[in-house]
Amino acid sequence: MYDIAIIGGGPGGYAAALYAHNFGLSVALIENERIGGTCLIKGCIPAKSWIQSAEVFSTVAGAEEFGVITSPPEFSWPRALERKQKIVEGLVKGLGGLLQQRGVDVIDGHGRISGSGKVNVTAADGSETKIAAKSTILATGSEAASIPGYDIDGVTIVTSDHALDWTEQPGRVAVIGAGVIGCEFASFLAEVGTEVHLFEMEDQLVPGMEPEAATVLARSFRKRKIKTYLGSGVGPARITDTGVTVPYGDESVEVDVVLVAVGRRPVTSGLGLDTVGVSTDHGFIEVNSATMRTTAADIYAVGDIVRGSPQLAHVAFAEAIAAVTHIATGDTAPIDYNAVPMVVYTHPEIASVGMTEAIASTAGYNVRTTEHGMRGVGRAIIQGEIGGTVKIVSETDGPILGATVVGPGAGEMIHELMYAVGWEALPSEAAAFVHAHPTVSEAIGETLMAAAGRGLH
Ligand code: NAI
């Protein structure tokens, strides 16, 4: 009998398997595709590889401004694909090695709970293995959703799963949904010369993010000729001889391929959850957020399948740690979800942590906001990226509640504000620290000083 059976080998599942080693627990990790999950195989890692290739391309294309004369660069889609593949393969292989080193039994097949402490694994050839475990962790992740009139065929109407493996650069793409995935794809595709039409039902890009951040992104998208249709639902796609037509309002646009990015739904059907009393809500699993335990005492859930939890790989890691800690010790390791940063890898990058102004106001805080642009920040000017901004949301005469950074390296810079939010720092406490000069992070220092009521520049 294993101490833990884990169903799903993505960031939630493999992190739980690795972390269990700290307590000397025996683990079976069940996965019916490849270890790595969405993040490693068809999400974060391959997407960021494409984004990096596009960024290098645009840096070279704009090199003359920096005094570097080059011939006009050419974007080789197949080479960028090859590099992406190599990065993914390397990380998947490394992960496999690490799991082996930690003594984790990786079992190929589809896992299904057949009773308390019992998991049946069906391999691709139909053969069955029965596993017994004291505890089970569900970490089956999510899959791309679609909308009526957009049946995913993987060729003309696709999700990010397919787009990450395109072997040729598409000429014209319609992206449905300007959330995180939609904006990241629109951003990098346009950067390498694809014609992009981006449709969003809400009235701003990356809905839910601070409107100031969306405005900076919209400006950058306009510059790169991305056609953005806000407040715009779409009618059913029509496949024609020359491509696919996307209707909106009384008009339509013809493209070669439609990328649907309207959210992701949990993968929880066929897991045998009802046989053991695991409660779900629209497919999401209900857990005690301090322990990640479901309504069945020996079954835990982590990652994208958890109700109310943001669908982020780093959240899955943290939830895996919480679940394993509870299984091994009975202690709780609750996550401060409010202090979890989120990064949108567009150009410019957007990163946020804690509450936005709208959320803090709705929650009843007496809110004060402070913003500082990057136009006068030396390092940002040197980098040729002056469109960014920092916005800090604090309570009047109280702590920092949230922050958003837009600009080069925003995803790295957000972490100092993660501590500020997590430790409920007052703007004056955070502003007392000196930022290095010249750095883009000085924009955060300036915003903190202004939030503390004594701005410098
Ligand atoms: P999302 O929920 O972020 O965005 C979907 C967007 O589609 C929303 O803005 C919604 O208003 C819009 N939409 C829905 N139906 C529509 C319609 N019929 N017409 C036009 N627009 C429509 O979902 P997304 O981008 O698919 O991402 C899925 C999950 O993956 C998210 O939870 C996200 O946080 C996560 N993710 C995170 C990344 C990161 O942290 N960098 C990268 C990629 C994904």
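Residues numbered from 1 in each chain as written. Predicted model: local features only at pLDDT ≥ 70, side-chain atom pairs only at ≥ 80, totals over all residues. Heavy atoms only, no water.

Looking now at the overall build of the chain. On a plain count of helices and strands, the chain comes out with 14 helices and 24 strands. Expected size for 457 residues packed as a compact globule is a radius of gyration near 23 Å; at 23 Å, the chain falls within 12% of this value. By residue count, 50% of the 457 residues in the chain fall in the buried class. Within the chain, residue pairs in contact and separated by at least 24 positions form 64% of the contacts whose partners lie at least 6 positions apart. Accessible area of the chain: about 20900 Å², with a carbon and sulfur share of 52%. Between the averaged position of the 30 positive side-chain charges in the chain and that of its 52 negative side-chain charges there is a distance of 3 Å. (Helix = DSSP H or I, 4+ residues; strand = E, 2+ residues; numbered from the N terminus. Rg over C-alpha atoms; globule rule 2.2 N^0.38 Å. Buried < 20%, exposed > 50% of the residue type's maximum accessible area, 1.4 Å probe, protein only. Contact = heavy atoms within 4.5 Å. Areas by Shrake-Rupley, 256 points an atom, 1.4 Å probe, with all protein chains shown as cover. Lys, Arg positive; Asp, Glu negative; His and termini not counted. Charge placed at Lys NZ, Arg CZ, Asp CG, Glu CD.)

This part covers the environment of Leu-401. Secondary-structure assignment places Leu-401 in strand E24 (residues 400-406). Taking the relative accessible area as the measure of exposure, Leu-401 reaches 6% and is therefore buried. Sequence separation between Leu-401 and Gly-36 is 365 residues, and the spatial gap between their C-alpha atoms is 34 Å. When neighbours within four sequence positions are excluded, Leu-401 is seen to be in contact with Asn-338, Gly-354, Met-355, Ala-360, Tyr-365, Val-393, Ser-394, Glu-395 and Val-421.

Inspection of the region around the ligand gives 23 residues, with Ile-181, Glu-184, Glu-200, Gly-263 and Val-343 positioned closest. A distance of 3.2 Å separates an oxygen atom of the ligand from a polar backbone atom of Val-180. Within the backbone of Val-343, an N or O atom sits 2.7 Å from a nitrogen atom of the ligand. Burial of the ligand by the protein chains amounts to 80% of its free accessible area of 850 Å². Mapped onto the shell around the ligand, the elements with two or more residues apiece are helix H6 (180-191), strand E10 (195-200) and strand E20 (342-344). If one sorts the elements of the shell around the ligand by residue count, H6 sits on top with 3 residues. (Near = heavy atom within 4 Å. Polar contact = N/O pair within 3.5 Å; in protein donor to acceptor, adjacent residues only side chain to side chain.)

One open sheet accounts for 5 strands, arranged E20-E21-E24-E23-E22; its pairing is antiparallel. Strand pairing shows two members of the sheet lacking a second neighbour, E20 and strand E22 (367-373), which therefore form its edges. Along the sheet, successive strands turn relative to each other by an average axial angle of 10°, direction set aside. Note: strand E23 (residues 389-395) against E24, 6 bridges, orientation antiparallel. (Pairing = 2+ DSSP bridges. Axes fitted to C-alpha atoms, helices over the stretch in contact; angles between N-to-C directions.)

Counted by the stated rule, this structure contains 11 aromatic pairs. Both rings, one in Phe-57 and one in Phe-75, keep their centres 5.6 Å apart while their planes meet at 80°; by these two values the pair is edge-to-face. Remark: Phe-75 occurs in the loop between helix H3 (44-61) and helix H4 (77-101) and Phe-57 occurs in helix H3; sequence separation between them is 18 residues. Comparing Phe-57 with Phe-75, the two get one shared label, buried. Of the aromatic side chains, those joined through ring pairs into one cluster are Trp-50, Phe-57, Phe-75, Trp-77, Phe-185 and Phe-188. (Phe/Tyr/Trp six-rings, centres within 6.5 Å; stacked < 30°, edge-to-face > 60°.)

Pairing analysis gives 5 bridges linking strand E4 (residues 110-115) to strand E5 (residues 118-122), with the strands arranged antiparallel. Among the inter-strand pairings, Gly-115 is bridged to a residue of E5, identified as Lys-118. The turn linking E4 back onto E5 is made up of 2 residues, and Gly-117 within it adopts a positive phi angle of 75°.

Next up on the list: the domain arrangement of the chain. Here the domain parsing of the chain yields domain 1 (2-143 + 265-335), domain 2 (157-262) and domain 3 (339-451). Averaged C-alpha coordinates put domain 2 and domain 3 at centres separated by 28 Å. Each partner contributes residues to the interface: domain 2 has 17 residues there, and domain 3 has 18 residues. When the buried area of domain 2 at its contact with domain 3 is split by residue, Met-209, Glu-210 and Val-216 rank highest and sum to 39% of it. In this structure, the connection of domain 2 to domain 3 is made through 2 salt bridges. Its salt-bridge partner being Glu-210, residue Lys-391 comes within 2.9 Å of it at the nearest N-O pair. Counting across the domain 2 and domain 3 interface gives 8 residue pairs in polar contact (both at pLDDT 80 or more). If you list the elements that add at least two residues to the side of domain 2 that touches domain 3, you get H6 and helix H7 (211-223). (Domains from an automatic or database assignment. Buried area = accessible area lost by both parts, 1.4 Å probe. Salt bridge = Lys/Arg side-chain N within 4 Å of Asp/Glu carboxyl O.)

Two elements in contact, H3 and H6, have axes separated by 9 Å at closest approach and are oriented at 35°. Relative to H6, the crossing made by H3 is left-handed. For the pair formed by H3 and H6, the contact residues are Lys-48, Trp-50, Ile-51, Ala-54, Glu-55, Phe-57 and Ser-58 on the first element and Glu-184, Phe-188 and Glu-191 on the second. Class assignment of the residues belonging to the contact of H3 with H6 gives a composition of 5 nonpolar, 1 polar and 4 charged. (Left-handed = near helix turned anticlockwise from the far one by under 90°. Nonpolar A, V, L, I, M, F, W, Y, C, P; charged D, E, K, R; others polar.)

So, on to the sheet that holds strand E14 (residues 251-255). The strand order across the open sheet built from 3 strands is E12-E13-E14, with neighbouring strands paired in antiparallel fashion. Each edge of the sheet is formed by a strand with only one pairing partner; in this case those strands are strand E12 (238-239) and E14. As judged from the 5 bridges shared by strand E13 (residues 244-248) and E14, these two strands associate in the antiparallel manner. Residue pairing in the sheet places Pro-247 in a bridge with Ser-252 of E14.

Alternating residues of strand E15 (residues 257-260) divide into Val-257 and Leu-259 and Val-258 and Val-260, and every residue in both groups is buried. As paired strands, strand E8 (residues 157-158) and E15 are joined by 2 bridges and run parallel to one another. In the sheet register, Ile-157 faces E15, and the bridge partner there is Val-258. As defined by bridge partners, strand E9 (residues 172-176) adjoins E15 across 4 bridges and the pair is classed as parallel.

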